[in-house]
Amino acid sequence: MPTKLSQITAYKKVNEDYSDEESNEDYSDEESCINKDCSNEGCINKDRMVILCIGTVLLAILIILLYGAISQELRPHKPIEFIIADASITKFNLTSDNTLYYNFKLNITVRESNYFDYNRYPRLIKAIPSYKGNKFDVVDMEGFDLSFKNSIMLKPVVFYGNKFIKLDAQQLMEFHNETRLGIFNLDLKLDLKYNEYVYCLGLKVPLNSKEKLESTFNVTKCSREYQGWG
C-alpha cells in the first residue's frame, strides 16, 4: 500500500516529465520557426542577387551603346568605299572604222568603315566604263547590303561587246602604245542612287591573253570627287 510520501513523489515526477515534454515541444516549434525564417531570408537574398545581376548586365549594355553612339558622333563620318580589287582584259581591239571590240572583267570590293552604319543598295548600280573620253558600255550590277565595320566582294562585273568610238591622232597613238605594252588605261563611273556617283579613274588594266598575263593589276581606290571623267 503506497504511502502518502510516495504518492507525492510520483506526482512530482509526472509533473516534471510533462514539463520537460512541453518544453521540448516549444523548443522544437521555435527551432522550426527560426529555420523557416532563415529559409525565407535565403530566398529573398537569392532573388536580390538575380535582380542585381540583371541590372548590372543591362547597365553595361546601356553604357556600351552610349559610348558607341557618342564615339560615332565625335568621329568623322566616312562614306562607304569602292575599291577595284582586280581587273583584266581578254580583248581590246580597235578596227580601222574606229569600232572597239572589248571583253574585260572587274572585281569590286565595298567597305564600310563606320560603326553603327548600315547601308543597303537594293537598286541596280550602273557601271559605266570609258576609254579616252568615250563611254562605251553600261552594265547593271546587283544591289547589296553592307553592315557596319565590314567589307564585301561584289560579283564580278563583265563588259563585253563592241562600240564605235572617236579617237584623235594623239589618242590613237596612245592606243597603239598601250596595245604594245599590253596595259590599257580605262576609267569607270558607278551610278549608285539619288544622283550619287563614284569615280574610278586611271585603271591600268592588263591584257590577259591566252599565252600569258602581261602584268598584274594594282588595287585602285575609287573617289566620290568628280575629276573630269567622261
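Rules and cut-offs
- Residues numbered from 1 in each chain as written.
- Predicted model: local features only at pLDDT ≥ 70, side-chain atom pairs only at ≥ 80, totals over all residues.
- Heavy atoms only, no water.
- Helix = DSSP H or I, 4+ residues; strand = E, 2+ residues; numbered from the N terminus.
- Pairing = 2+ DSSP bridges.
- Salt bridge = Lys/Arg side-chain N within 4 Å of Asp/Glu carboxyl O.
- Buried < 20%, exposed > 50% of the residue type's maximum accessible area, 1.4 Å probe, protein only.
- Core = buried A, V, L, I, M, F, W, Y, C linked by side-chain atoms within 4.5 Å.
- Contact = heavy atoms within 4.5 Å.
- Phe/Tyr/Trp six-rings, centres within 6.5 Å; stacked < 30°, edge-to-face > 60°.
- Lys NZ or Arg CZ within 6 Å of the ring centre and 35° of its normal.

## Looking at unusual backbone geometry
So, point 1. One non-glycine residue, Asn98, lies in the positive phi region at around 65°.
So, point 2. Take Asn98: it is sitting in the loop between strand S1 (81–94) and strand S2 (99–112).
So, point 3. Positive phi values are uncommon outside glycine, yet Lys132 reaches one of about 50°.
So, point 4. Turning to its location among the elements, Lys132 is positioned in the loop between strand S4 (125–131) and strand S5 (134–135).

## Observations regarding the pairing of strand S10 (residues 183–191)
So, point 1. Note: S4 against S10, 5 bridges, orientation antiparallel. Paired with Ile128 across the bridge in S10 is Lys189.
So, point 2. Looking at chain direction, S10 and strand S11 (residues 197–206) are connected through 8 bridges and run antiparallel. What sits directly across from Lys189, in S11, is Tyr199.
So, point 3. Counted along the chain from S10 to the antiparallel partner S11, the turn is 5 residues long, and its residue Tyr194 has a positive phi close to 55°.

## Description of the pattern of salt bridges
So, point 1. By the definition in use, this model includes 6 salt bridges.
So, point 2. The shortest N-O distance in the salt bridge between Arg111 and Glu81 comes to 3.4 Å. Taken together, the residues Arg111 in strand S2 and Glu81 in strand S1 connect sequence positions 30 residues apart.
So, point 3. With a relative accessible area of 25%, Glu81 lands in the partly exposed category.
So, point 4. Among the ionic pairs, Lys126 bridges to Asp140, the shortest N-O distance being 3.1 Å. Placement of Lys126 in strand S4 and of Asp140 in strand S6 (residues 139–141) is noted, with a sequence separation of 14 residues between them.
So, point 5. We classify Lys126 as partly exposed; its relative accessible area is 36%.
So, point 6. Three or more residues joined by partner-sharing salt bridges are found here, namely Lys132, Glu174 and Glu178.

## Some details on the nonpolar core
So, point 1. By size, the foremost hydrophobic cluster in this structure holds 37 residues, and its most contacted members are Phe82, Ile84, Phe92, Leu188 and Leu190.
So, point 2. Elements that contribute at least two residues to this core include exactly S1, S2, S4, S6, strand S9 (157–164), S10 and S11.
So, point 3. Setting aside its immediate chain neighbours within four residues, Phe82 contacts Ile108, Thr109, Val110, Phe144, Leu190, Leu192, Val198, Lys221, Cys222 and Arg224.

## What about the packing of aromatic side chains?
So, point 1. Counting across every chain of the model gives 10 aromatic pairs.
So, point 2. Between Tyr131 and Phe175, the aromatic rings sit 6.2 Å apart at their centres with planes inclined by 80°, giving edge-to-face as the arrangement. With Tyr131 in strand S4 and Phe175 in helix H2 (residues 169–181), this pair connects stretches of sequence that are 44 residues apart.
So, point 3. Every member of this aromatic cluster is reached through a ring pair, and the members are Phe92, Tyr102, Phe104, Tyr131, Phe136, Phe159, Phe175 and Phe184.
So, point 4. Positioned over the ring face of Tyr197 is Lys189, at 4.8 Å from the centre of the ring.

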